[in-house]
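One-letter residues, chain by chain:
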Amino acid sequence: MTISADDKKQGWRQFTIGMTLYAVLIIGLNVLSGPLQLDKRLLIALTFVPILAALWAMLGWIKVVRGQDELQQKIVSEGVHWAVGLTALSTFSYGLLESYVNLPRLSMMWVVPLIGVTGALGQAFAWRRYR
Amino acid sequence: MHGGVTVKNRLRELRGEQGWSQAELAARLGVSRQTVNALEVGKYDPSLPLAFKLARLFGRSIEYIFTDEAA
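Here the structure is a predicted model, which is why all the values come from computation and not from measurement.

Points about the overall build of chain A
Here is step 1: The number of helices and strands found in chain A is 4 helices and 0 strands.
Here is step 2: Across chain A, helices and strands are ordered from the amino to the carboxyl terminus as α-α-α-α.
Here is step 3: In summary, chain A has a C-alpha radius of gyration of 18 Å against a globular reference of 14 Å for 131 residues, an excess of more than 25%.
Here is step 4: The principal-axis extents of the C-alpha atoms in chain A amount to approximately 50 × 40 × 20 Å.

See the structure below:
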């Protein structure tokens, strides 16, 4: 299957809209969940709405990667390896610190931005090797 | 270098003969300009399908375009 430049462009659009929607929904949920005193079951259901937006964004990102050439895919792959490694090491280390040094508990919500940042840094690092 | 093999190529020379810019060659190959640059400076060795594409585009054999330094 060949992915056209249009598919790639559509993938970028899907990713951008999906992540924006995800951020807006997360903020909206945080703001509204307190004052509205929603039923717990409804709140559980609403919590998954931003995740659907993020899932849609993720599918868009996969379209983007499929539309890239082989070197770009290799660089993205290296970036993903950096993201997985660094996120695993940092969350595991912080988990140990929470247990043994009684550092404050952190929300698991921070894992996603951490993956994003380490993935971007990993890709930038990988790009340098091929310049 | 890939697994102890150093691959040299004549891509810059062949592109120069055609009078193409890196961007032009990239468009003909369906890859990014950065990828063409990485190929030319020997930082990246192409897959076999991309090597065949290059060979077809320049009307030369893969062996003419890419050579193993040790050979």
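Focus: the interface of chain A and chain B
Here is step 1: Taken together, the 9 residues of chain A in the interface contact 12 residues of chain B.
Here is step 2: Note on chain A versus chain B: buried area summed over both sides is about 840 Å², and carbon and sulfur give 54% of it.
Here is step 3: The tally of links between chain A and chain B comes to 5 residue pairs in polar contact (both at pLDDT 80 or more).
Here is step 4: At the level of elements, α3 (70–100) and α4 (111–129) of chain A are the ones that each hand at least two residues to the side of chain A that touches chain B.
Here is step 5: Ranked by residue count, the leading element in the side of chain A that touches chain B is α3(A), at 4 residues.
Here is step 6: Classifying every residue of the side of chain A that touches chain B gives 3 nonpolar, 1 polar and 5 charged.

Things to note about the packing of aromatic side chains
Here is step 1: Under the criterion given, the structure shown has 6 aromatic pairs over all chains.
Here is step 2: Ring centres of A:Trp12 and A:Trp61 lie 5.5 Å apart, and the angle between their planes is 70°; on these two criteria the pair is classed as edge-to-face. Here A:Trp12 is found in helix α1 (residues 5–33), whereas its partner A:Trp61 is found in helix α2 (residues 40–66), with 49 residues between them in sequence.
Here is step 3: Residue A:Trp61 is classed as partly exposed on the basis of its relative accessible area of 22%.
Here is step 4: Between B:Trp20 and B:Phe58, the aromatic rings sit 5.7 Å apart at their centres with planes inclined by 35°, giving tilted as the arrangement. Pair noted here: B:Trp20 is in the loop between α1 (11–18) and α2 (22–29) and B:Phe58 is in helix α4 (residues 48–58), with a separation of 38 residues, a long-range link. Accessibility assignment for this pair places B:Trp20 and B:Phe58 in one class, buried.
Here is step 5: Through successive ring pairs, a cluster of aromatic residues spans A:Trp12, A:Phe15 and A:Trp61.
Here is step 6: Directly above the ring of B:Tyr64 sits B:Arg10, whose terminal nitrogen or CZ lies 4.3 Å from the centroid.

Here we look at unusual backbone geometry
Residues and elements named next belong to chain A.
Here is step 1: Phi is positive for Asn 102, which is not a glycine, with a value near 60°.
Here is step 2: Tracing the sequence through the fold places Asn 102 in the loop between α3 and α4.
Here is step 3: Residue class for Asn 102 comes out exposed when judged on its relative accessible area of 65%.

Comments concerning the environment of B:Leu39
Residues and elements named next belong to chain B.
Here is step 1: Assignment of secondary structure puts Leu 39 in helix α3 (residues 33–40).
Here is step 2: With 19 residues separating them along the chain, Leu 39 and Phe 58 place their C-alpha atoms 15 Å apart.
Here is step 3: Apart from the residues lying within four places of it in its own chain, the contact partners of Leu 39 are Asn 9, Leu 11, Tyr 44, Asp 45, Pro 46 and Leu 50.

Regarding the nonpolar core
Here is step 1: Among the nonpolar cores identified, the biggest contains 23 residues, and B:Leu11, B:Leu29, B:Leu54, B:Phe58, B:Ile65 and B:Phe66 are the most heavily contacted of them.
Here is step 2: Contributing elements (two or more residues each) for this core: α3 of chain A together with α1, α2, α3, α4 and α5 (62–65) of chain B.
Here is step 3: The greatest single-element share of this core, amounting to 5 residues, is contributed by α4(B).
Here is step 4: The contact partners of B:Phe58, leaving out residues within four places of it in the chain, are B:Leu11, B:Leu14, B:Arg15, B:Gln18, B:Trp20, B:Leu25 and B:Ile65.

Some points on the packing of α1(A) against α2(A)
Residue and element names in this part refer to chain A.
Here is step 1: As a packed pair, α1 and α2 sit with axes 7 Å apart at the nearest point and diverge in direction by 160°. Relative to α2, α1 is oriented roughly antiparallel. For the pair α1 and α2, the sense of crossing is left-handed.
Here is step 2: Here the contact of α1 with α2 is built from residues that sort into 21 nonpolar, 7 polar and 3 charged.

Rules and cut-offs
- Numbers given to residues run from 1 along each chain, matching the order in which its sequence is written.
- Here chains are named by letter from A upward and ligands by number from 1 upward, in the order in which they appear as written.
- The predicted nature of this model means local features are confined to residues of pLDDT at least 70 and side-chain atom pairs, given and counted, to a pLDDT of 80 or more, with totals for whole chains, interfaces and linings taken over all residues.
- Only hydrogens and water are set aside when side-chain values are computed; all heavy atoms of the structure are taken into account.
- Helix and strand assignments follow DSSP, with helices taken as H or I runs no shorter than four residues and strands as E runs no shorter than two, numbered in order from the N terminus.
- For the radius of gyration, the atoms used are the C-alpha atoms, and the globule rule reads 2.2 Å times the number of residues raised to 0.38.
- What makes two residues a contact is simply this: any of their non-hydrogen atoms within 4.5 Å.
- In this description, buried area is defined as the sum, over both parts, of the accessible area (probe of 1.4 Å) that is lost when the two are combined.
- Polar contacts, as counted here, are pairs of nitrogen or oxygen atoms within 3.5 Å of one another; within protein the pair requires one atom able to donate a hydrogen and one able to accept it, and residues that are adjacent in sequence qualify only if both atoms are side-chain atoms.
- Put simply, Ala, Val, Leu, Ile, Met, Phe, Trp, Tyr, Cys and Pro go in the nonpolar bin, Asp, Glu, Lys and Arg in the charged bin, and everything else, Gly too, in the polar bin.
- Stacked, edge-to-face and tilted labels apply to pairs of Phe, Tyr and Trp rings (six-membered ring for Trp) whose centres lie within 6.5 Å, assigned for plane angles under 30 degrees, over 60, and everything in between, in that order.
- Only protein chains enter the accessibility calculation, which uses a 1.4 Å probe; a residue is then buried when its area is under 20% of its type maximum, exposed when over 50%, and partly exposed in between.
- Lysine and arginine charges are scored as sitting over a ring when NZ or CZ, respectively, is within 6 Å of the ring centre and within 35 degrees of the ring normal.
- To qualify as a nonpolar core, a set must consist of buried Ala, Val, Leu, Ile, Met, Phe, Trp, Tyr and Cys residues joined through side-chain atoms within 4.5 Å.
- Helix axes are fitted only over the stretch in contact, all axes being lines through C-alpha atoms; the angle between N-to-C directions runs from 0 to 180 degrees.
- When an angle is under 35 degrees it counts as roughly parallel; over 145 it counts as roughly antiparallel; between 65 and 115 it counts as roughly perpendicular; any other value is oblique.
- Should the near helix be turned anticlockwise from the far one by less than a right angle, the crossing is left-handed, and should it be turned clockwise, the crossing is right-handed.

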